[in-house]
Amino acid sequence: MPWQDNSGNRGGGRGPWGQPPRGGNGGSNNNGGGRGEPPDLEDLLQASRQRLKRAFPQGGRGGGGQGGGGFQLNKSTGGLIAGGLVALWLISGFYQVDTKELAVVTTFGEYQRVTGPGLHWRFPSPIQNVRKEPVETQNEMSIPATTRRGGAIPEGLMLTGDKNIVDVAFVVQWKIKSGRVADEGDDLPGVAQYIFNIDNPEDLVRTISEASMREVVGRNTLDYVQTEGRAEVAQESKELIQSALDAYEAGIEINRVNLTLAEPPTDEVNEAFRDVQAAEQNQATVIQQARQYTNQVVPEARGQAQRILEEAGAYAAERTADARGQAARFNEIYAEYAQAPEVTRQRMYLETVERVLGDMDKIIVEEGAGSGVVPYLPLDQVRRQQQGGSN
């Protein structure tokens, strides 16, 4: 049926898809002049089928493609299809890496290289594969993982260096190392180590962190962990965790360790701990008092000792000088004795008797004095005279 526009004019408009009519002003569909009719839908479908037949010919009688038969490919179409498949396979080798990611390229499962953000190409699978990891993502882990007091996982009870028990909780922040080349002494970059060397990074970080914290706490006292040493304990634990992860070549970087809890574990232990603290305070008070007493007594004792030493020195000097004087006097007497022995002997006898009997209350009367008449001897006056003479 010829196409007719809305105005009712035959052949005066465009075709069903908006194309202009073929031919001149005639109504025929040939190459003649005049206004012709637009092509029929049947003609368009037929022309499309012919083009498909030429591209994919069918086998049949007479080789004209009019008879029945199976679908056959010639060399040109087979090459075209193979080329298309190869092109699609090569195009599949393009991959996009996000700005916060690094990609590890492997060749038949073996490490090849690390690529950064942007569009990259690699040989498609199964020759080369790509694994992307978010190297800028900060991961945070709380240890212990559950709430305190009655959680499913035991509390973080640790033994300090002074044999006390402390309940410790801390937070570890970590991420994948973002270096694209291997560090000195390593075979692989950090992100490749993370992929190839460890299986469960969460469990690894948790285990190493707990072990490191226990070691650091075990080297310090409870007071130090609870008070001024919290920051130092966290820093030492961070360094110890990082050292262990580097030894495992885990490709993980520890950014921060924050000690959130450090206290005795239970109420009973708290009570005992308070008793221990009170005893320590009493001990400190007694020690201080003992030091004050020591500071007071020791100088006095040293002063007394010094005085005794000085008195002993003076007595020794006195006795030495007296002995030397006696020796000098004896030498002088001996010299006199050598010149006049009898006189010297008599003199020494009299001096000795005077020294021995000088203080005695005794009066000696010679045998021949007052013969015949008992003499009067006023002893009281004699004694007074002696006492007056001595004064």
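Residues numbered from 1 in each chain as written. Predicted model: local features only at pLDDT ≥ 70, side-chain atom pairs only at ≥ 80, totals over all residues. Heavy atoms only, no water.

S.K.: Go over the pairing of strand β8 (residues 165-176) with me, naming the residues and quoting the values.
M.R.: Counted residue by residue, β8 has ten buried out of twelve residues, so it is predominantly covered. Pairing analysis gives five bridges linking strand β6 (residues 139-143) to β8, with the strands arranged antiparallel. Considered in β8, the bridge of Asn139 is made with Trp174. The pairing of strand β7 (residues 157-159) with β8 spans three bridges and is antiparallel. Each bridged residue has a counterpart across the sheet, and for Leu157 the counterpart in β8 is Asp167. The loop that links β7 with its antiparallel partner β8 comprises five residues; one of these, Lys163, has a positive phi angle of about 65°. Of the strand pairs in this sheet, β8 and strand β9 (residues 252-263) are connected by ten bridges, and their pairing is antiparallel. (Buried < 20%, exposed > 50% of the residue type's maximum accessible area, 1.4 Å probe, protein only. Helix = DSSP H or I, 4+ residues; strand = E, 2+ residues; numbered from the N terminus. Pairing = 2+ DSSP bridges.)

S.K.: I'd like a description of the confidence of the model for the protein, backed by residues and values.
M.R.: Residues at a pLDDT of 70 or more form 71% of the protein, whose mean pLDDT is 79. Within the model, the stretch residues 147-153 combines pLDDT values under 50 with 16 contacts to residues more than four positions away or in other chains. (pLDDT = per-residue confidence, 0-100. Contact = heavy atoms within 4.5 Å.)

S.K.: Pulling in residues and values, what's your account of the pairing of strand β3 (residues 110-115)?
M.R.: Pairing analysis gives five bridges linking strand β2 (residues 102-107) to β3, with the strands arranged antiparallel. Its bridge partner being in β3, Val104 is matched across the sheet by Val114. Between the antiparallel neighbours β2 and β3 lie two residues, among them Phe108 with a positive phi of about 50°.

S.K.: I'd like to hear about the environment of Ile91, residue by residue, with values.
M.R.: As for its placement among the helices and strands, Ile91 is situated in helix α2 (residues 75-91). Exposure remark for Ile91: the relative accessible area of 52% places this residue in the exposed category. The sequence separation of Ile91 and Arg122 amounts to 31 residues, and the corresponding C-alpha distance is 9.7 Å.

S.K.: Give me the lowdown on a negative patch on the surface, citing residues and values where you can.
M.R.: Together, Asp162, Asp223, Glu228, Glu232 and Glu280 give the surface a local cluster of negative charge. Counting through the fold element by element, Asp162 comes out in the loop between β7 and β8. (Patch = residues over 30% accessible without salt bridge, like charges linked within 9 Å, V, L, I, M, F, W, Y side chains within 5 Å. Areas by Shrake-Rupley, 256 points an atom, 1.4 Å probe, with all protein chains shown as cover. Salt bridge = Lys/Arg side-chain N within 4 Å of Asp/Glu carboxyl O. Lys, Arg positive; Asp, Glu negative; His and termini not counted. Charge placed at Lys NZ, Arg CZ, Asp CG, Glu CD.)

S.K.: So, the packing of helix α4 (residues 201-218) against helix α6 (residues 230-248): which residues are in play, and what are the values?
M.R.: In contact at an axis separation of 9 Å, α4 and α6 are set at 135° when each is read in the N-to-C sense. Of the possible angle classes, the one that applies to α4 and α6 is oblique. Our pair here, α4 against α6, has a crossing hand that is right-handed. Across from Leu204, Ile208, Ser209, Ser212, Met213, Glu215, Val216 and Val217 in α4, the residues of α6 making contact are Val233, Glu236, Ser237, Leu240, Ile241, Ala244, Leu245 and Tyr248. (Axes fitted to C-alpha atoms, helices over the stretch in contact; angles between N-to-C directions. Parallel < 35°, antiparallel > 145°, perpendicular 65-115°, else oblique. Left-handed = near helix turned anticlockwise from the far one by under 90°.)

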